[in-house]
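Working through the structure, step by step
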Amino acid sequence: MDMTIEKTAELGASGLTLDLASGKPAYFNYYWLRDNCPTSFNTTTRERSFDIFHLSEAPRPLSTVVTSAGLDVAWNDGHSSHYPMEFLEQYASGTLRHDPADLPRKAWYGDHYPDVARFTHAELLADKTKVRAWLEAMLVEGVSVVTGMPDSNEGLTQLVNVMGQVRPTFFGDYFDVKTHIKPTNTAYTSAALELHTDTPAEEHAPGVQFLHMRRNSVEGGRNLFGDGVAAANDFRKIDPEGFRILSETDVPFYCEHDTYDMRSRQRIIELDQHGEVSGLTISQHMLDIIDLPQTEMDRFYPAFCAFGKLLQSDRYIMRFTLQAGECIVFDNHRIVHGRAAYSATSGERYLRGCYADRAEMRSTWRALVSEGRFRA
Ligand SMILES: [Fe+2]
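Please read all numbers here as calculations on a predicted model, not as lab measurements.

**Some words on the overall build of the protein**
Looking only at helices and strands, one finds nine helices and 22 strands in the protein. By the compact-globule yardstick of 21 Å for 376 residues, the protein is too spread out, its C-alpha radius of gyration being 26 Å. Seen through its C-alpha atoms, the protein measures out along the principal axes to roughly 95 × 55 × 40 Å. Within the protein, the fraction of its 376 residues that count as buried is 31%. Restricting the contact set of the protein to residue pairs at least 6 apart, pairs at least 24 apart contribute 74%.

**A look at the sheet that holds strand β18 (residues 317-320)**
What the four strands build is an open sheet, ordered β10-β20-β13-β18; its pairing is antiparallel. Each of the sheet's edge strands pairs with one partner strand only, and the pair in question is β10 (193-196) and β18. Put simply, the sheet's adjacent strands are angled 15 degrees from each other on average, direction ignored. In terms of strand pairing, strand β13 (residues 223-227) meets β18 through four bridges, oriented antiparallel. The residue bridging F225 from the neighbouring strand is M318, located in β18.

**A look at unusual backbone geometry**
Unlike most non-glycine residues, R46 shows phi in positive territory, near 65 degrees. Its location among the elements puts R46 in the loop between α1 (30-35) and β4 (61-67). Using a count of 12 C-beta atoms within 10 Å as the deciding quantity, one classes R46 as exposed. Positive phi, close to 40 degrees, is recorded for T199, a residue that is not glycine. Within the secondary structure layout, T199 lies in the loop between β10 and β11 (208-216).

**Here's the deal with the sheet that holds strand β7 (residues 117-120)**
One open sheet holds the six strands; their spatial order is β7-β8-β19-β11-β22-β9, and the pairing between them is mixed. Where the open sheet ends on each side, the last strands, each with one partner, are β7 and β9 (174-177). On average, adjacent strands in this sheet sit at an angle of 20 degrees to one another, irrespective of strand direction. Helix α4 (residues 128-140) contacts β7, β8 (143-147), β11 and β19 (327-331) of the sheet and is inclined by roughly 145 degrees relative to β7.

Procedures and definitions
Residues numbered from 1 in each chain as written. Predicted model: local features only at pLDDT ≥ 70, side-chain atom pairs only at ≥ 80, totals over all residues. Helix = DSSP H or I, 4+ residues; strand = E, 2+ residues; numbered from the N terminus. Rg over C-alpha atoms; globule rule 2.2 N^0.38 Å. Buried ≥ 20, exposed ≤ 12 C-beta atoms within 10 Å, placed from the backbone. Contact = placed C-beta atoms within 7 Å. Pairing = 2+ DSSP bridges. Axes fitted to C-alpha atoms, helices over the stretch in contact; angles between N-to-C directions.

What follows is the structure, encoded as structure tokens:
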């Protein structure tokens, strides 16, 4: 008789139960097991090549063998599967798959500018360890400055392409911030620009914003940047009920002119899957007329104003002048930005900007730091 310990799994109506290495029993659904046989995945394309919709009847084991190495199943469709024990352990308790991009955020305050992560354009194009440090700073702090930018449109595109593609918005791939004669947006005037996140009227506002300072010889126009996570976390402690209202109420935003009428509903304070603050959507110049019942305004507006005033306080806002040749890169769902007024006749101010996608940034980060499901 074979001396290795061989057992069978306990077969139920919809799934089986076996003992994990710890001796703890674990249940697995038959569909899930059949769908996720290791042979279901093509190691060349790295995609699932098995299609469970093609099974003519519900999957059921004809026989099973459980050893310390794992589970073997002979299926009613003629297929045989082997599931390593570590694989079963990983999925036994319904814990979400580990995401290396799900890094804890580090809140920062108004004194952060000297410590903002800085990289040169040249090193990010040449050195993967610098790219890794850059993306880590973006995930954790949500802001970075890239210096030594070429004075060209291509220089900005090259930088974006280190993390992903240029992500268009409804007004195009790139935008140029300078004073316009017939402005369609406050940004295109020399007036002060209150703290905001960009294009809140889009269904999915762009995730990462790049602002490349090409020329800056004007008087005034200091850049203002603040961490929405820092302010919202403090607000949560100061006014828990106000925080709840701002993180649960859908608020209308708009962007309208002759040929467009963008509308969306967003939450002022955004939470992630852990219930932690992930960022903000805030823009006084694109906030639509709030169409909640008037009695709800009694609670909404005091909370909204208390938070807006808190966000503007010196505790949170870095003030600095972005120099020509620098590009500030920041999480558009987390970092609020604005600008002091400037004198349009005192010189030239030209910022060229664009966006990338946060999910694509996370994808690039994961590919740099983790093994993934199939990478060698
Ligand atoms: Fe903006």
